Amino acid sequence: MAHVTRFWAGLNPLAKGACLFVITLVLFSVMDSIAKSLTQRHHSLQVVWARYTSQTVIAFIVLSPFLLRLLRTKYIVLQFIRSAFLFCATMCFFTALKFMDMASTTAIFEIAPLFLTAAGYFILREKVGPRRWVGVFIGLIGAMVIIRPGSDVFTPVALLPACAAACFAGYAISTRFLGQNENPWTSFLYTALIGCVASCFIVPFVWETPIPSDAALMSVMGIFSGAGHYFLIRAFTITEASFLAPFGYLALPLNTLWGFLFFAEIPDAVTYLGAAIIVGAGVYVWYRESFAR
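Residues numbered from 1 in each chain as written. Predicted model: local features only at pLDDT ≥ 70, side-chain atom pairs only at ≥ 80, totals over all residues. Heavy atoms only, no water.

## Observations concerning the environment of L63
Phase 1 of the analysis: Within the secondary structure, L63 sits in helix α3 (residues 44-63).
Phase 2 of the analysis: Residue classification places L63 among the buried positions, given a relative accessible area of 7%.
Phase 3 of the analysis: Each C-alpha atom, one on L63 and one on L189, is 9.0 Å from the other, the two residues being 126 residues apart in sequence.
Phase 4 of the analysis: Non-local contacts of L63, meaning those with residues more than four positions away in its chain, are made with L70, W185, F188 and L189. (Helix = DSSP H or I, 4+ residues; strand = E, 2+ residues; numbered from the N terminus. Buried < 20%, exposed > 50% of the residue type's maximum accessible area, 1.4 Å probe, protein only. Contact = heavy atoms within 4.5 Å.)

## Some points on the packing of α3 against helix α10 (residues 184-202)
Phase 1 of the analysis: Interhelical geometry of α3 versus α10 gives an angle of 140° and a closest axis separation of 8 Å. Considering their axes alone, α3 and α10 lie oblique with respect to each other. The two elements α3 and α10 meet at a crossing, and its hand is left-handed. Contacts from L45, W49, Y52, T53, Q55, T56, A59, F60 and L63 of α3 reach α10 at W185, F188, L189, T191, A192, L193, G195, C196, S199, C200 and I202.
Phase 2 of the analysis: Residues of the contact of α3 with α10, tallied by class, amount to 14 nonpolar, six polar and no charged. (Axes fitted to C-alpha atoms, helices over the stretch in contact; angles between N-to-C directions. Parallel < 35°, antiparallel > 145°, perpendicular 65-115°, else oblique. Left-handed = near helix turned anticlockwise from the far one by under 90°. Nonpolar A, V, L, I, M, F, W, Y, C, P; charged D, E, K, R; others polar.)

## A short note on empty space enclosed by the protein
Phase 1 of the analysis: Applying the stated rule across the entire model yields two cavities of 30 Å³ or more.
Phase 2 of the analysis: Its volume calculated, the largest cavity comes out at about 480 Å³.
Phase 3 of the analysis: Where the lining of the largest cavity is concerned, the elements lending two or more residues are α2 (13-39), α5 (76-99), α6 (102-109), α7 (112-122), α11 (212-238), α12 (241-244) and α13 (251-263).
Phase 4 of the analysis: In terms of residues, the lining of the largest cavity owes the most to one element, α2, which gives seven residues. (1 Å grid on protein atoms, 1.4 Å probe; cavity = no way out; pocket = protein on both sides within 12 Å on 5 of 7 lines; lining within 4 Å. Points joined across faces, edges and corners; volume = space filled by probe spheres on them.)

## Some points on the packing of α5 against α10
Phase 1 of the analysis: One can describe the packing of α5 onto α10 by two numbers: an axis separation of 9 Å at closest approach and a directional angle of 55°. Considering the angle they form, α5 stands oblique to α10. Note that α5 runs across α10; the crossing there is right-handed. Facing I76, Q79, F80, R82, S83, L86, F87 and M91 of α5, the residues of α10 in contact are T186, S187, Y190, T191, I194, G195, A198, S199 and I202.
Phase 2 of the analysis: Broken down by class, the residue content of the contact of α5 with α10 amounts to nine nonpolar, seven polar and one charged.

## Description of the confidence of the model for the chain
Phase 1 of the analysis: Mean pLDDT over the chain stands at 84; residues scoring 70 or higher make up 89%.
Phase 2 of the analysis: In the model of the chain, helix α1 (residues 2-9) stands out as the element of lowest mean pLDDT, 64, in contrast to α5, which has the highest, 93. (pLDDT = per-residue confidence, 0-100.)

## So, a nonpolar patch on the surface
Phase 1 of the analysis: Taken together, V57, I58, I61, V62 and I223 make up a surface patch of nonpolar side chains, about 450 Å² in accessible area.
Phase 2 of the analysis: When residues in the nonpolar patch are grouped by element, the largest group, four residues, is from α3.
Phase 3 of the analysis: Summarising the element assignment, V57 is placed in helix α3.
Phase 4 of the analysis: Since its relative accessible area comes to 45%, V57 is described here as partly exposed. (Patch = residues over 30% accessible without salt bridge, like charges linked within 9 Å, V, L, I, M, F, W, Y side chains within 5 Å. Areas by Shrake-Rupley, 256 points an atom, 1.4 Å probe, with all protein chains shown as cover. Salt bridge = Lys/Arg side-chain N within 4 Å of Asp/Glu carboxyl O.)

## Observations concerning helix α9 (residues 160-178)
Structurally, the α-helix is built with 3.6 residues per turn, so residues lying three or four positions apart point the same way.
Phase 1 of the analysis: The end-to-end C-alpha distance of α9, which contains 19 residues, comes to 27 Å, matching closely the 27 Å that a straight helix rising 1.5 Å per residue would cover.
Phase 2 of the analysis: Counting buried positions along α9 gives 14 out of 19 residues, so the element sits mostly inside the fold. (Expected span 1.5 Å × (residues − 1).)

## Quick look at the pattern of salt bridges
A side chain with one charge may pair with a side chain of the opposite charge, provided their charged atoms come close.
Phase 1 of the analysis: What the rule picks out here adds up to three salt bridges.
Phase 2 of the analysis: A salt bridge links E265 to K36, with the nearest nitrogen and oxygen atoms 3.2 Å apart. Of this pair, E265 sits in the loop between α13 and α14 (269-290) while K36 sits in helix α2, and the two are 229 residues apart along the sequence. Accessibility assignment for this pair places E265 and K36 in one class, buried.
Phase 3 of the analysis: Across the salt bridge formed by R148 and D268, the nearest N and O atoms sit 3.2 Å from each other. Linking R148 in the loop between α8 (130-147) and α9 with D268 in the loop between α13 and α14, this pair joins segments that are 120 residues apart in sequence.

## Comments concerning the side chain of N255
Phase 1 of the analysis: With respect to the helices and strands, the residue N255 is situated in helix α13.
Phase 2 of the analysis: Those residues in contact with N255, other than ones at most four positions away along the chain, are S29, D32, F93, M102 and T106.

## Let's talk about the environment of A269
Phase 1 of the analysis: Locating A269 in the fold gives a position in helix α14.
Phase 2 of the analysis: C-alpha separation for the pair A269 and I146, spaced 123 residues apart in sequence, amounts to 9.7 Å.

Printed below as a string of structure tokens:
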């Protein structure tokens, strides 16, 4: 453990942020696999409820000695906004997983870094040149290749991962706004608590009592979700979003692998083509933001 501590202390903020973000992606990919399994037997909104409720219960147990202090914040409005963004992203993504394979859902969601670029221009007033706009446009074309609007394989559900990506970009931008001014545990608590309260109002309309094994999976999903979101908050707090963006594409091979191993899903060639276009456009935009100048 001492060696790990010394190694971590010797890393610069960029390397620490990258490590935390990669850990986040692995945890989230496992959570997505559990969520997809549960949505085959339960309404997606109940799975969202389970994800937030189990995370909240665990957070309150672990942090009970510090709850009152951690719940104090000067940024309550921003905490509600960022939590609402993540809640909407989770609902859209879990609903898509119920009807789509994991690779296609994740590939479309990978336009999130491109939405981050657009949000940086319109919200943060960052300078975005024509080459970066081209990258954003090409990435959206890649998403359309997978979604295939107008074709026989298109369903409106295919738009849900794109909506999830837009909401997640809003979550990332608002998390970055908080930066070093907010305790990461405070952000973690509000993310879980607000999502739990919101889903509790919805779940009675779709409730089905889970069998013991599904109830256990719901609890485990909360553990992975809680750990992932804490590491995500820490990563965005110490490292710029534009630097972390390309690491997000690791989610695509991870979810493709889990989809193949656990659900026997094999994406078609068009999905691979669209994913390649999205990843290529995202890496190009990241390069322009990080190194071109």
